[in-house]
Amino acid sequence: MILIDILKKDRGGQIFLAVLLVTTVTVACLNLAVPESSVWHVSTYTVTLLGKYLTYALLAVAVDLVWGYLGILSLGHSAFFALGGYAMGMYLMRQIGDRGVYGNANLPDFMVFLNWHELPWFWYGFDMFWFAALMVVLVPGILAFIFGWLAFRSQVTGVYLSIITQALTYALMLAFFRNEMGFGGNNGLTDFKDILGFDLQADSTRIGLFVASAIALALGYLACRYIVNSRLGRVAVAIRDAEDRTRFIGYRVDHVKLWIFTFSAVLAGVAGALYVPQVGIINPGEFSPLNSIELVVWVAVGGRATLYGAVLGAIAVNYGKTYFTAALPDLWLFALGALFILVTVLLPRGIVGLLRRREATQ
Amino acid sequence: MTTFLRRTGMQIPWLKLLARHHVIWCLVVSALLPLNSYAADDPAANNRLEPALKLLKTGSFKEKLHAIELLAASGDPLALNYLKPLLQARLYYRKDNGDIVIAEREGSQYQLTAPVDGTALGRVKKRSIKKITINNAMRRLLREKIAGLSLTNPDPKIREAAVNEMITSRANGLARTLKGLVDQEEDASVKALMQTGIALGVLDTGTDEEKIAAISQLSHSLNPAVRNRLEQLSADAGTSKIGKAARKALVTIEGRVAFYNHIETLFFGLSLGSVLVLAAIGLAITFGVMGVINMAHGELIMLGAYTTYLIQQMMPAYIGWSLLVAVPAAFLVSGAVGIVIERGIIRFLYGRPLETLLATFGVSLILQQIVRTVISPQNVPVLNPSWMSGSLQVNSVLSLTYNRLYIIVFSLAVFIALFLVLKKTRLGLGVRAVSQNRAMARAMGVRSGRVDAMTFGLGSGIAGVAGVALSQLTNVGPNLGQSYIIDSFMVVVFGGVGSLLGTLVAGLSLGVANKILEPSVGAVLAKILVLVFIILFIQKRPRGLFPQKGRAVEN
Amino acid sequence: MRQLEHVRETFSRGEVWSFMQPRPSSLELDVTHGTILYLEDVSVSFDGFKAINNLNLYIDAGELRCIIGPNGAGKTTMMDIITGKTRPDSGSVYFGQLINLLKLSEAEISQAGIGRKFQKPTVFEHHTVFENLELAMDGDKRVWPTLFAKLTGEQIDQIEEALEIIGLSEHLGKSAGSLSHGQKQWLEIGMLLMQNPHLLLIDEPVAGMTHQEMDRTAELLTSLAGKHSVVVVEHDMDFVRSIARKVTVLHQGSVLAEGSMDEVQNDQRVVEVYLGE
């Protein structure tokens, strides 16, 4: 009932969710039920790749919510993504137990390597899934809340906000590169074995993670769509278009921004948490400036302020990346750079805008 | 030499004359020839040494000691050419003709050189030479005599090194030796060092009153040997008057050392700050004046650094001049690229600053990748001209390296030049007009498109110039720009967008803050703390240190 | 000296100590003395230029007041101060007896019951006319209530009523960005009505309007007075004459003259600085 209500006027969303449902079911069946020798078999590698794209898509939806509807170009979302990923990575590290290279049941390998004798306090509790899951939500959420509370209250907007979110991400990257921080430094967290007792290398676990990503994406999409359709969503767009005016008709602009920004950061964190078990590693490179800006381009390519455009953009660009880096590795950065320029100069409404225009002319 | 004479009671005025004579000789000759070689052309000198050299070849240590005394007494700087290798046990004589040579083992054979002028004399088997052996008594005497000879060397640097050597080795008769020389010493810094040495010597030999006077004199010295000696003294002498005086002097000295360390930190900070200012100042124009977020700014800096590299490749014989050529060349290269970016992309994005951020980031990726494919994905070597190396020694605890000094001067010069361009030229007037009110400026006949292109070119050109400076400090590679872009934005935002002075103050103060934090928390954490500080600062004062005020800014 | 001033301020007769004041969230307007807005000794300067200089201005409840003055007289800055966009360097601004506007944020001032129409019409261009009015509507504007807000039948009627008044009933589904300049002016007035404020600040309402529309605006504004207090800043003298009961002339950031249109027009100083031009 609520579902129908949310998607009533959202034809793009209806199509997207239908495609997502069909793809997820088909891929799962083709992987599990069809024998490997068959042409119709979908390899586990492909499933994991698709699962990774879905987490990126969720991240892109989160970015679109704040950029497309609220006008905040956040370059901090890769940080929220990575923090969610680290929280999950810490859980997975603790699950390794004594199966590490050093066979130390109490300490992850890298700590043994650094001659540490005790688990740092901030690792406590990460051997329990519920605690890690809570941290996946809380750590990015609280960081976004504190940062947003400071920034929006003093009316830091536009490019200034972009620059300081970028600085935040950069500071976190430098911090996570330090061995002393206790997050594995340069190498990050890796060599995971299992999650909730399921072997991470098993096909069924891969499928499970893939389906979980699809569900998270669908729920994230619906939540964002609900916000966007609500009066709060209209206030957000009002803030994007005329912030002062919104303030003068009595809305606490800082509060609206703060809550939406925090929610978006939480979504990014969840995306990161689903990303890590599928790719099997999390390292400080996820905080890099390139990442934080690249994911904005996914949204730009798909089309801002549409939500499903973000999904489309994330998958299209990442498919391109997978293809290029395998086939023509030297050309990928040229292609990405050109994409940045072309989209902003020639295609400000993205692919969705292009499709809509075509529809309108027919 | 003089010590020896004094000790043996001989007074020979011509020795002094000879010393003077050497000074003159040195002035004339050293400009043309290496120091040692002139003596080889002077047969008289070799003749004077000849009897002593003969004695060296005898087996008896007693006679060898005498030989050393004789060599030292000759007062000839050439004697050092024998004494030093002798101390290092590299002095041999040939069995066939008795010539004294320096021999160096090379594989199974020995490479011979002449002590007098260092000419190579070919390689021989071990059998055909014999080492001149030395014992501890000889070693002691050798050290003393070498120092003594060096003390009268015409070159003040050698004299200074000799005094330092004597002080650190706590040579016997230190005070006495130096007292005999200090009055004739002409070089002020050597003289001061000698006085320090004398005072140190008195600490070993003098009466209590003399010692206390010496300590109070030493409390003005920053020489590390003085500090060591005083520390030892304050430990040994305990609560006696001398111990107290030593501790008091130490406190004074440590205060001064701390002061100079602060100065050094400030200097490091200012030089880092100057780098930041250089990197950010072009951005202050494109961001502050035009409102364009140029994420490719770092890559324009990189292009400047690569221009320096290419210029050095083109004129390898004139590295000293290469930077002077590179500055205008880098300005033109980066400026031209900047103009292309502006006309090709940014022109379509005015009023949409977030989009310029994305588009120029795309440009930065492309520029990086071009450098990777065309030149090399690895770092390239950029040479430092000789005038950039070395340092300005202010005193024994404070030395300022020339490359840092030049960076500070250079960035100030660039700042002033830019300031003048904006204040005094027609382009500057146009820039300020367009930045304040585009429509009005256009109505007044300012060609805003042209002004935009020129402004962006100017900002980019300065990035190129910054690249030349950075090429002298860091590795030049495709990622050079990335590491500066965030810092540069931080400087501009911290200083206040649109304020050149703000950029200067912000850059310098962030540099100093970084260097003050560094010793206690490490470089990376210092950088993180500074970033966090700026993030918090922007929350408090969103318009930076030097905000622009008024109604026009609001919209 | 400053401390002394602080003490004097704390114990002055008019001061209501903060702990005795109602919480700002209640923001009840008290107009028992018949005055709705007090500006006293207000000054503000930008980079040394005194935009407002010792301004004293009182607006009575239910009054329609016109403010005129040459360019740069400080009219817009005055509105900025009342609505919290600009903070004065000195002086006090009270809304009714109790509400100190200098301590409230822009949103709180709006919720306290002050609505503003900007010189340049700013409507939310990507929203429809209907949505613009919906957003402006009086009600709980905190985050969570806004997220779950549903339009009641009464509220829809209210919006339709406003659409009727501003003559945009036929355009309710049109995006505001596609309206003409005059229609945007009307929409903004409509948004002001939806806010149902006690005090309306209206900056140049008739710029870009035809004569007919001007008449209609005049009619609307005079009908609003009484129930609401209205402050109009306007350049168009005919329009001012058609609605004004009391006129205030601002010059160089302070009040030059105050009175009926006729009084003001005959004031020698006013003629010199403004009308005589």
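Since the model is a prediction, treat every value here as computed from it, not as a measurement. (Residues numbered from 1 in each chain as written. Chains lettered and ligands numbered in written order. Predicted model: local features only at pLDDT ≥ 70, side-chain atom pairs only at ≥ 80, totals over all residues. Heavy atoms only, no water.)

(A) Molecular detail of the interface of chain A and chain B. Taken together, the contacts link 40 residues of chain A with 40 residues of chain B. Summing the contributions of chain A and of chain B, the shared interface buries around 3,600 Å²; its carbon and sulfur component is 82%. In terms of surface lost to chain B, no three residues of chain A exceed A:Tyr160, A:Ile163 and A:Phe334, which account for 16% of the buried area on that side. Here chain A is connected to chain B by one salt bridge. Counting the contacts that link chain A with chain B gives five residue pairs in polar contact (both at pLDDT 80 or more). Secondary-structure elements contributing two or more residues to the side of chain A that touches chain B are helix 6 (129-153), helix 7 (158-177), helix 12 (289-302) and helix 14 (329-346) of chain A. Here the side of chain A that touches chain B takes 13 residues from helix 7 of chain A, the largest share from any one element. (Contact = heavy atoms within 4.5 Å. Buried area = accessible area lost by both parts, 1.4 Å probe. Salt bridge = Lys/Arg side-chain N within 4 Å of Asp/Glu carboxyl O. Polar contact = N/O pair within 3.5 Å; in protein donor to acceptor, adjacent residues only side chain to side chain. Helix = DSSP H or I, 4+ residues; strand = E, 2+ residues; numbered from the N terminus.)

(B) Geometry of the nonpolar core. In terms of nonpolar packing, the biggest core is built from 247 residues, with B:Phe287 and C:Leu187 touching the most fellow members. The element best represented in this core is helix 3 (residues 44-69) of chain A, accounting for 14 residues. Dropping the residues within four chain positions of it, C:Leu187 is found in contact with C:Val123, C:Val129, C:Asn132, C:Leu133, C:Ile166, C:Leu168, C:Ala176 and C:Leu179. Among the nonpolar cores identified, the runner-up in size contains 40 residues, and B:Met194, B:Ile215, B:Leu233 and B:Ile408 belong to it. (Core = buried A, V, L, I, M, F, W, Y, C linked by side-chain atoms within 4.5 Å. Buried < 20%, exposed > 50% of the residue type's maximum accessible area, 1.4 Å probe, protein only.)

(C) Main features of the packing of aromatic side chains. Scanning the entire structure with this criterion turns up 39 aromatic pairs over all chains. With a centroid separation of 6.1 Å and an interplanar angle of 25°, the aromatic rings of B:Phe415 and B:Phe419 are classed as stacked. Taken as a pair, B:Phe415 and B:Phe419 lie in helix 17 (residues 402-424) at a separation of four residues, close to a single helical turn. By way of ring pairs, the aromatic residues A:Tyr86, A:Trp121, A:Phe122, A:Phe176, A:Phe183 and A:Phe287 are connected into one cluster. Residue placement shows A:Arg153 over the ring face of A:Trp149; its charged tip is 4.4 Å from the ring centre. Taking the ring centre of C:Phe118 as reference, the NZ or CZ of C:Arg116 above it sits at 4.6 Å. (Phe/Tyr/Trp six-rings, centres within 6.5 Å; stacked < 30°, edge-to-face > 60°. Lys NZ or Arg CZ within 6 Å of the ring centre and 35° of its normal.)

(D) How the structure looks around the environment of B:Ala513. All names here are of chain B. With respect to the helices, strands and loops of the structure, Ala513 is situated in helix 22 (residues 500-521). In this structure Ala513 comes out as partly exposed when scored by relative accessible area, which is 30%. Each C-alpha atom of the pair Ala513 and Met138 lies 55 Å from the other, and the pair is 375 residues apart in sequence.

(E) The arrangement of the pairing of strand 9 (residues 246-251) of chain C in detail. Residue and element names in this part refer to chain C. The sheet contact formed by strand 3 (residues 64-68) and strand 9 spans four bridges and is parallel. Paired with Ile67 across the bridge in strand 9 is Thr248. The sheet contact formed by strand 9 and strand 10 (residues 254-259) spans five bridges and is antiparallel. Looking at strand 10, one finds that Thr248 is bridged to Glu258. The loop that links strand 9 with its antiparallel partner strand 10 comprises two residues; one of these, Gln252, has a positive phi angle of about 45°. (Pairing = 2+ DSSP bridges.)

(F) View of the confidence of the model for chain B. Residues and elements named next belong to chain B. In this model, chain B carries an average pLDDT of 81, and 89% of its residues clear a pLDDT of 70 or more. Under a pLDDT of 50 for its full length, residues 1-41 has, in the predicted model, 39 contacts with residues more than four places off or in other chains. Among the scores for the predicted complex, ipTM is 0.90 and pTM is 0.81. (pLDDT = per-residue confidence, 0-100.)

(G) Inspection of helix 6 (residues 79-87) of chain B at higher detail. Residues and elements named next belong to chain B. Helix 6 sits mainly inside the fold: seven of its nine residues count as buried. Among all positions in helix 6, only Ala79, Leu80, Asn81, Tyr82, Leu83, Pro85 and Leu86 are buried. Positioned one or two residues after helix 6, Ala89 has a phi angle of 60°, which is positive.

(H) Structural view of the sheet that holds strand 1 (residues 91-94) of chain B. Residue and element names in this part refer to chain B. Pairing is antiparallel across the open sheet formed by five strands, whose spatial order is 4-3-2-1-5. Edge positions in the sheet fall to strand 4 (120-124) and strand 5 (129-131), since each of these pairs with one other strand and no more. Shown here is a sheet whose adjacent strand axes are inclined to one another by a mean of 40°, direction ignored. Here strand 2 (residues 100-106) pairs with strand 3 (residues 109-113) via five bridges, running antiparallel. Bridging from a neighbouring strand, Glu106 pairs with Gln109 of strand 3. (Axes fitted to C-alpha atoms, helices over the stretch in contact; angles between N-to-C directions.)

(I) Fine view of the side chain of C:Arg65. Residue position: C:Arg65 is located in strand 3. Excluding residues that lie within four positions of it along the chain, C:Arg65 makes contacts with C:Leu57, C:Tyr58, C:Ile59, C:Val230, C:Val231, C:Val232, C:Lys246, C:Val247, C:Thr248 and C:Glu258.

(J) Representation of a negative patch on the surface. All names here are of chain C. On the surface, a cluster of negative charge is made up of Glu154, Asp157, Glu160, Glu161 and Glu164. With respect to the helices and strands, the residue Glu164 is situated in helix 6 (residues 153-166). You can call Glu164 exposed: its relative accessible area is 59%. (Patch = residues over 30% accessible without salt bridge, like charges linked within 9 Å, V, L, I, M, F, W, Y side chains within 5 Å. Areas by Shrake-Rupley, 256 points an atom, 1.4 Å probe, with all protein chains shown as cover. Lys, Arg positive; Asp, Glu negative; His and termini not counted. Charge placed at Lys NZ, Arg CZ, Asp CG, Glu CD.)

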